[in-house]
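Chain by chain, the residues run as shown.
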Amino acid sequence: MDTTSNKLEKAARRVWKSAQMFVGFHTDQKGKPREQPKLWPPKNGSASIHGDPSAQEAIVVVKAADPEAAQDVQIKLHPNRIVVRRDAEMWWQGVAVDEHSVTVRMADNTIIEIRHDGSVIRRSAEDETHVEADGSIFKFTEFAEAHMTGDGVEMTRRTEDRIATISADDVVDRARKR
């Protein structure tokens, strides 16, 4: 019998081949910035997390088992967050985890932020959507702002010249006062 855990482990082994830790030195010994960081593999596989990631980083490079099917991933360990990144043309390119949130950068430059209270913000070039911890939703575009309460009882839409509201008691659609 194969448990779900065993199936997951087998699937993970097919995706990743190896992981290696490096210390990335972004400046030379005189403090001058390098174009590309010098990567050094620590002998014992352990590295301290430097206070300034622009000077030095602890990095784990996870190699894909099949480079045609998956991409290598870098895990960067900073003093205030962990960053997972890859050079992808589709799906996600980066994930940053800090004390208060998890932020994902998608290949189309959309940013999705999940905050400590359960609220979510999605930002793209065209719009911004907020799902608040109470379930209420705010949508902002170039042309309109919309809001729906968490219980779904009230909805509001504002444009440059109109405001419309649907509530449990009535519907209002009128020109905005200027």
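The sections below set out a description of the structure shown in this document. Model, not experiment: these values are computed from the prediction. (Residues numbered from 1 in each chain as written. Predicted model: local features only at pLDDT ≥ 70, side-chain atom pairs only at ≥ 80, totals over all residues. Heavy atoms only, no water.)

With that out of the way, let us pick up the environment of Arg-158. Tracing the chain through its elements places Arg-158 in strand β13 (residues 155-159). Not counting the four nearest positions on each side in its chain, Arg-158 is found in contact with Phe-143, Ala-144, Glu-145, Ile-163 and Arg-176. (Helix = DSSP H or I, 4+ residues; strand = E, 2+ residues; numbered from the N terminus. Contact = heavy atoms within 4.5 Å.)

Now for the environment of His-116. By the element assignment, His-116 lies in the loop between β8 (111-115) and β9 (120-123). When the C-alpha atoms of His-116 and Lys-76 are compared, they prove to be 21 Å apart, with 40 residues separating the residues in sequence.

Let us look at the pattern of salt bridges. Counted by the stated rule, this structure contains nine salt bridges. A salt bridge links Glu-57 to Lys-76; the shortest N-O distance between them is 3.7 Å. Remark: Lys-76 occurs in strand β4 (residues 73-77) and Glu-57 occurs in strand β3 (residues 56-64); sequence separation between them is 19 residues. There is no split in this pair, since Glu-57 and Lys-76 are both buried. In this structure, the salt-bridge partner of Arg-115 is Glu-113, at a minimum N-O distance of 3.3 Å. The partly exposed category is assigned to Arg-115, whose relative accessible area is 35%. By sharing partners, the salt bridges in this structure join Glu-113, Arg-115, Arg-123 and Glu-128 into a single network. (Salt bridge = Lys/Arg side-chain N within 4 Å of Asp/Glu carboxyl O. Buried < 20%, exposed > 50% of the residue type's maximum accessible area, 1.4 Å probe, protein only.)

A few words on unusual backbone geometry. At Trp-91, a residue that is not glycine, the phi angle is positive and equals roughly 60°. Exposure remark for Trp-91: the relative accessible area of 60% places this residue in the exposed category. Its identity is not glycine, yet Asn-109 carries a phi of approximately 70°, on the positive side. You can see Asn-109 is positioned in the loop between β7 (101-106) and β8.

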